[in-house]
Amino acid sequence: MTIFARRARASAGRMHPELSLVSYTLLGHLEEKGGCRATDLAAHYALDKSTVSRQVAALERAGLIERRLDPEDHRVQVLHLTEAGEEILAQVTRSRRAAFRERLTGWPEEDLIRFAAYLERYNASPSDADSD
């Protein structure tokens, strides 16, 4: 697991050296949700608000996210990806897919199926695992 995490951090750094793996994770969440508040990010990832605040500030400085007023509550700011943020995520996705294809070339199909099932099981939320 440590090697896996190190590789993920290293690939994130190669894509955009100023951003951490945490930043990429936050960008991915914003893309998936179509935007959200910084407090939602902190709650979802069980991170301290100050940690998220620093990451959000770095993403804003890099031009990868922007704040918009919530149309339903103008007191609330919602974070959204910019076009540059969307492109960075697309680059990361392409790069990771290529790396996985390269590493998994030659694996028998039954091993790939088993590996995918194990990854799904590992990544399942506790509530998903309880329902199995």
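None of these values were measured; they are calculated from a predicted model.

Asks: Talk me through the overall build of the protein; I want residue IDs and the actual numbers.
Replies: Counting its secondary structure elements, the protein contains seven helices and two strands. For the protein, the α and β elements follow one another from N to C terminus as α-α-α-α-β-β-α-α-α. Residues counted as buried form 24% of the 132 residues belonging to the protein.

Asks: Describe the environment of Thr25, naming the residues involved and giving the relevant values.
Replies: In this fold, Thr25 is placed in helix H2 (residues 21–33). Each C-alpha atom of the pair Thr25 and Leu89 lies 9.7 Å from the other, and the pair is 64 residues apart in sequence.

Asks: Describe the pairing of strand S1 (residues 65–70), listing the residues and the values that go with them.
Replies: The pairing of S1 with strand S2 (residues 73–81) spans six bridges and is classified as antiparallel. Looking at the pairing, Asp70 lines up with Asp73 of S2. What sits between S1 and S2 in their antiparallel hairpin is a turn of two residues.

Asks: Which residues make up the packing of helix H3 (residues 38–45) against helix H4 (residues 49–61), and what are the values?
Replies: The contact between H3 and H4 brings their axes to 9 Å, and the two run at 125 degrees. Judged by the inter-axis angle, H3 sits oblique to H4. For the pair H3 and H4, the crossing hand works out as right-handed. Residues Ala38, Thr39, Leu41 and Ala42 of H3 touch H4, and the partners they reach there are Lys49, Val52 and Val56. The residue makeup of the contact of H3 with H4, split by class, is five nonpolar, one polar and one charged.

Asks: Tell me what's going on with the pattern of salt bridges, and back it up with residues and numbers.
Replies: This model, assessed by the stated rule, comprises six salt bridges. For Arg37, the salt bridge identified is with Asp40, shortest N-O distance 2.8 Å. Here Arg94 makes a salt bridge to Glu87, at a shortest N to O gap of 3.1 Å.

Asks: Run through the side chain of His29, naming residues and quoting values.
Replies: Of note, His29 is situated in helix H2. Accessibility expressed as a relative area gives 6% for His29, which makes it buried. Those residues in contact with His29 that sit more than four places away from it in its chain are Cys36, Leu41, His44 and Tyr45.

Asks: So what about a negative patch on the surface? Which residues, and what values?
Replies: Taken together, Glu31, Glu32, Glu83 and Glu86 make up a surface patch of like negative charges. Looking at the negative patch, the elements that each hand over two or more residues are H2 and helix H5 (83–104). With respect to the element layout, Glu32 can be found in helix H2.

The rules behind these values
- Residues numbered from 1 in each chain as written.
- Predicted model: local features only at pLDDT ≥ 70, side-chain atom pairs only at ≥ 80, totals over all residues.
- Heavy atoms only, no water.
- Helix = DSSP H or I, 4+ residues; strand = E, 2+ residues; numbered from the N terminus.
- Buried < 20%, exposed > 50% of the residue type's maximum accessible area, 1.4 Å probe, protein only.
- Pairing = 2+ DSSP bridges.
- Axes fitted to C-alpha atoms, helices over the stretch in contact; angles between N-to-C directions.
- Parallel < 35°, antiparallel > 145°, perpendicular 65-115°, else oblique.
- Left-handed = near helix turned anticlockwise from the far one by under 90°.
- Contact = heavy atoms within 4.5 Å.
- Nonpolar A, V, L, I, M, F, W, Y, C, P; charged D, E, K, R; others polar.
- Salt bridge = Lys/Arg side-chain N within 4 Å of Asp/Glu carboxyl O.
- Patch = residues over 30% accessible without salt bridge, like charges linked within 9 Å, V, L, I, M, F, W, Y side chains within 5 Å.
- Areas by Shrake-Rupley, 256 points an atom, 1.4 Å probe, with all protein chains shown as cover.
- Lys, Arg positive; Asp, Glu negative; His and termini not counted.
- Charge placed at Lys NZ, Arg CZ, Asp CG, Glu CD.

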